[in-house]
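# Overview (structure and organization)
Given next are the chains, with one letter for each unit.
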Amino acid sequence: MTQAPLLSVEDLRTYCYTRAGVVKAVDGVSFALERGDSLGLVGESGSGKSMTCNSILRLLPRPAARTVGGRVLWDGRDLLTLSEREMRSVRGREIGMILQDPLMSLNPVFTIANQVGEPFRLRGAAKSRSDLREKVLDVLRQVHIPSPEARLSQYPFEFSGGMRQRTVAAIALAGSPGLLIADEPTTSLDVTIQDQFLRLLRELQEETGMALILVTHDLGIVAETCNKVAVMYAGKIVEFGDVRQVLRSPAHPYTEALLKALPVPGTRQKRLYQIPGEPPNLLDPPAGCAFEPRCHRAMQACKNARPPIKRLSDGRQAACLALEAGEVQ
Amino acid sequence: MGTILELRDVKRYFGIRSGGWVGGGGEKPLKAVDGASFSIASGSSFGIAGESGSGKSTMGKLILRLDRPTGGAIEFEGRDIGKLDAEGDAWYRTRVQAVFQDASGSLDPRMRILAIVAEPLEIHARTGPNRLGKAEIREKVEDMLAQVGLPKRVMDNYPHELSGGQKQRVAIARAMILEPTMLVLDEPVSALDVSIRAQVLNLLSDFQDRYGLTYLMISHDLATLGHVSSQLAVMYLGRIVEIGDTEEIYERPLHPYTKALFRAMPLPDPNRKKSAPSLRGEIGSALDIPKGCRFCPRCDEAMPVCSAVDPELVDVGAGRQVACHLIGGSQHTKATHQRGSNE
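Calculation criteria
Per chain, residue numbering runs from 1 following the sequence as it is written. Each chain is given a letter, starting from A, and each ligand a number, starting from 1, according to the order in which they appear as written. Confidence filtering applies because this is a predicted model: local features only for residues at pLDDT of at least 70, side-chain atom pairs given and counted only at 80 or more, and all residues used for totals across whole chains, interfaces and linings. Helix and strand definitions follow DSSP, with helices as H or I runs of at least four residues and strands as E runs of at least two, each counted in order from the N terminus. With C-beta atoms placed from the backbone, a residue is buried if 20 or more other C-beta atoms are within 10 Å of its own, exposed if 12 or fewer are, and partly exposed between those counts. In this description, a residue-residue contact is defined by the distance between C-beta atoms placed from the backbone, which must lie within 7 Å. All radius of gyration figures rest on C-alpha atoms, and the globule criterion is 2.2 Å times the number of residues raised to 0.38. The criterion for strand pairing is that DSSP finds at least two bridges linking the strands in question. Helix axes are fitted only over the stretch in contact, all axes being lines through C-alpha atoms; the angle between N-to-C directions runs from 0 to 180 degrees. Any set of buried Ala, Val, Leu, Ile, Met, Phe, Trp, Tyr and Cys residues joined through C-beta atoms within 7 Å is what this text calls a nonpolar core. Throughout, the term roughly parallel applies to angles under 35 degrees, roughly antiparallel to angles over 145, roughly perpendicular to angles from 65 to 115, and oblique to all others. With the far helix as reference, a near helix turned anticlockwise by less than a right angle produces a left-handed crossing, and one turned clockwise produces a right-handed crossing. Each residue receives one of three labels: charged for Asp, Glu, Lys and Arg, nonpolar for Ala, Val, Leu, Ile, Met, Phe, Trp, Tyr, Cys and Pro, and polar for the others, Gly being one of them.

### Regarding the overall build of chain B
The helix and strand tally for chain B stands at 11 helices and 12 strands. Looking at chain B residue by residue over its 343 residues, the buried ones come to 42%. Sequence separation of 24 or more characterises 65% of the internal contacts of chain B that already satisfy a separation of 6 or more.

### Observations regarding the overall build of chain A
The number of helices and strands found in chain A is 12 helices and 12 strands. For 329 residues, the compact-globule estimate of 2.2 N^0.38 gives 20 Å, and the C-alpha radius of gyration of chain A, at 21 Å, lies within 12% of that figure. Once the C-alpha set of chain A is aligned to its principal axes, its extents read approximately 70 × 50 × 50 Å. A separation of at least 24 residues holds for 63% of the contacts in chain A among residues at least 6 apart in sequence.

### Remarks on the sheet that holds strand 10 (residues 236–242) of chain A
Pairing between sheet strands relies on hydrogen bonds along the backbone, with the strands arranged either parallel or antiparallel. All names here are of chain A. Read across the sheet, eight strands follow the order 6-7-8-3-9-10-12-11 without closing on themselves; strand pairing throughout is mixed. Only two strands of the sheet have a single neighbouring strand rather than two, namely strand 6 (95–98) and strand 11 (310–311). Alignment of strand 7 (residues 179–183) against strand 8 (residues 211–216), held across five bridges, turns out to be parallel. In the strand pairing of strand 8, Leu179 is matched with Ala211. Sitting on the sheet, helix 7 (residues 161–173) touches strand 6 and strand 7, and the angle it makes with strand 6 is about 165°.

### Comments concerning helix 1 (residues 56–63) of chain B
All names here are of chain B. Of all eight residues making up helix 1, six are buried, and the element is well covered by its neighbours. Taken as a whole, helix 1 has its buried residues at Lys56, Thr58, Met59, Gly60, Leu62 and Ile63. Just beyond helix 1, the residue with positive phi is Arg65, at close to 65°.

### Concerning the interface of chain B and chain A
The partner chain A presents 40 residues to the 36 residues of chain B that form the contact. Of all elements in the fold, only helix 7 (194–211), helix 8 (222–228), helix 9 (246–251) and helix 10 (256–264) of chain B reach the threshold of two or more residues within the side of chain B that touches chain A. Tallying contributions element by element places helix 7 of chain B first for the side of chain B that touches chain A, with eight residues.

### Some points on the nonpolar core
The biggest cluster of nonpolar side chains holds 179 residues, and the ones touching the most others in it are Val117 and Leu216 of chain B. Element by element, the count of residues in this core is highest for helix 7 of chain A, at seven residues. Not counting the four nearest positions on each side in its chain, Leu216 of chain B is found in contact with Ile40, Phe46, Ile63, Met182, Val184 and Leu185 of chain B.

### Describing unusual backbone geometry
With an omega dihedral of 5°, the bond running from Arg62 of chain A to Pro63 of chain A counts as a cis peptide bond. Residue placement: Pro63 of chain A occurs in the loop between helix 1 (49–56) and strand 4 (65–74). Of note in this structure, Arg65 of chain B is not a glycine but carries a positive phi near 65°. Tracing the backbone shows Arg65 of chain B in the loop between helix 1 and strand 4 (71–76). Accessibility expressed as a C-beta count within 10 Å gives 16 for Arg65 of chain B, which makes it partly exposed.

### As for helix 11 (residues 253–260) of chain A
In terms of burial, helix 11 of chain A is a largely internal element, six of the eight residues being buried. For helix 11 of chain A, the complete set of buried residues consists of Pro253, Tyr254, Thr255, Glu256, Ala257 and Leu258 of chain A.

### Overview of the pairing of strand 9 (residues 231–236) of chain B
Residues and elements named next belong to chain B. The buried fraction of strand 9 is high, at six of six residues. Both faces of strand 9 are covered, namely the face carrying Gln231, Ala233 and Met235 and the face carrying Leu232, Val234 and Tyr236. As paired elements, strand 3 (residues 45–49) and strand 9 share four bridges and run parallel to each other. Each residue of the ladder has a partner; that of Gly47, found in strand 9, is Leu232. Hairpin remark: strand 9 followed by strand 10 (residues 239–245), antiparallel, with two residues in the connecting loop; positive phi at Leu237, about 45°.

### Focus: the packing of helix 4 (residues 112–123) of chain A against helix 5 (residues 129–142) of chain A
Residues and elements named next belong to chain A. Between helix 4 and helix 5, the shortest axis-to-axis distance is 9 Å and the interhelical angle comes to 110°. In terms of orientation, helix 4 and helix 5 fall into the roughly perpendicular class. Where helix 4 crosses over helix 5, the handedness of that crossing is right-handed. Along the contact surface, helix 4 presents Ala113, Val116, Gly117, Phe120 and Arg121, while helix 5 presents Leu132, Lys135, Val136, Val139 and Leu140. A class-by-class count of the residues in the contact of helix 4 with helix 5 yields seven nonpolar, one polar and two charged.

### Observations regarding the sheet that holds strand 1 (residues 7–18) of chain A
All names here are of chain A. Pairing is antiparallel in the open sheet, where four strands are placed in the order 2-1-4-5. The two strands at the open ends of the sheet, each matched to only one other strand, are strand 2 (21–33) and strand 5 (77–78). Two elements, strand 1 and strand 2, share 10 bridges in a ladder whose sense is antiparallel. Bridge pairing in strand 2 links Thr18 to Gly21.

Structural data, given as structure tokens:
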């Protein structure tokens, strides 16, 4: 039986209209997720990873940014064609979201109970006050907030950074979503707290079969949390595949360079491998492959044509002309 | 190699008024740095690791003389920096410079790059015997920008016109323009993208080779510290809990907190099996430091003695010091621990 994937993003295009010109922030992104999958969306700042997520949830800053093409198939529907009202019932209930800075996503003047209870209230999911209280306590326990009863009447400022982020996760989980989109959820957390939070995400996935899109710039986090990875560069996915495959033997020169540029703990190399130059200016991107000016495998052809993303023999996908010419692998 | 910087039992307590809106209540000390001693060899790189609240940035400020210790002494090139007069202060600032995490925050948005990089020269070469003319300053700035890998034309740019990596290069150029002997680097690459991070770290390494600079790098990122530093101190709640040769600490961390930090460090290796959770709970408050060992409430290997007696840094050989009852303690405490862990 062939089943449609849980989420299928096809040729998504989101452009930003600025005074200086049009920025193709998301430029033809396609990927599919199954139930229980966790996809690591990696890339540097400006690569379009957050814009991809915001496009899926239709949370773009308007009118500056607009999705101009593609489809986001979720549960048999194209999210891009839904009315704003229908979309509102998708957000939070079917697809949850966690943002980077938990302080920004919590309201400082409402209690924890109030904020965690909001998704239940909005949906009319609680029969009574005491039922609501139980539901709130349940999700707080699910994200391991210690002694949640005592915490209900507290305000966000009384919580530590790790607890705030777990509270945000509790709110996202309140609707039992089938997919959770987490945009750099641990960037503001300390390593040991980050480790706790990523463990929590894995645990919740195992319990509920929820799929996860984790946006990060840290390949280490991807290796530990995800089973699939999409590497983005200048608005495009340049490599997509199984985490083990991609991290162990990267196909795209950009993925390869990113991995090589990381310091290896415990070995004091004199110099790190460095990727020359800087990411391209998206107002004026290179005519050919966007990575060509920084690429150590660049050929003449790379200057002229944008490489299409192609499936390789081992099942993963990569967008590189050198691969087709058989130069890598 | 001589010692360039030495800290002896340095403390920084902040007085925090407790209770009462207007006056009243008692003063309670917040112990941000609670007795730190170490020395840095000239021309080497020293790393300070720790989470937020560990006191590592306060330590950086004390060394930069942006803040004064409430106890202990800091000696730089043999002079006590707590006892510098105005002239001594000027001397110190030409010797020790800083690069911080957020280059956008440390560069004045209304100054052009030329003015930003030239400012230290203008301040310090204005009074000295080697007063510089405008043309000389411009020439020096040009040369320094070239050394950090920036084109001449950025001199006329404003900070917002540069990328994050370029801004951090400007910050490094400004720190280097007075030809200091030591740089304090507080999270210098944390805000940068991976592909830019390697460039900046290589640049710092080149400068060290070229000028024999001493680095003090403060970071939460053990991978970066491991790459840069030859000596490493791990801080927890104002105390150094482990200090020694970086490579040896990576090979064999001894303090349970250091071990937990390594376990929590995400590595891009999909085959790495994650063992037990790295650490439970969160770092405590420096206002209310746990009795005994301050790491004890989060420690998996805690013994009864840990919640009663504050462990001292003990020499365990090969230049390593650890503050933990499990290590270097008496045979008696070790035996109790073994019994404890079997149960």
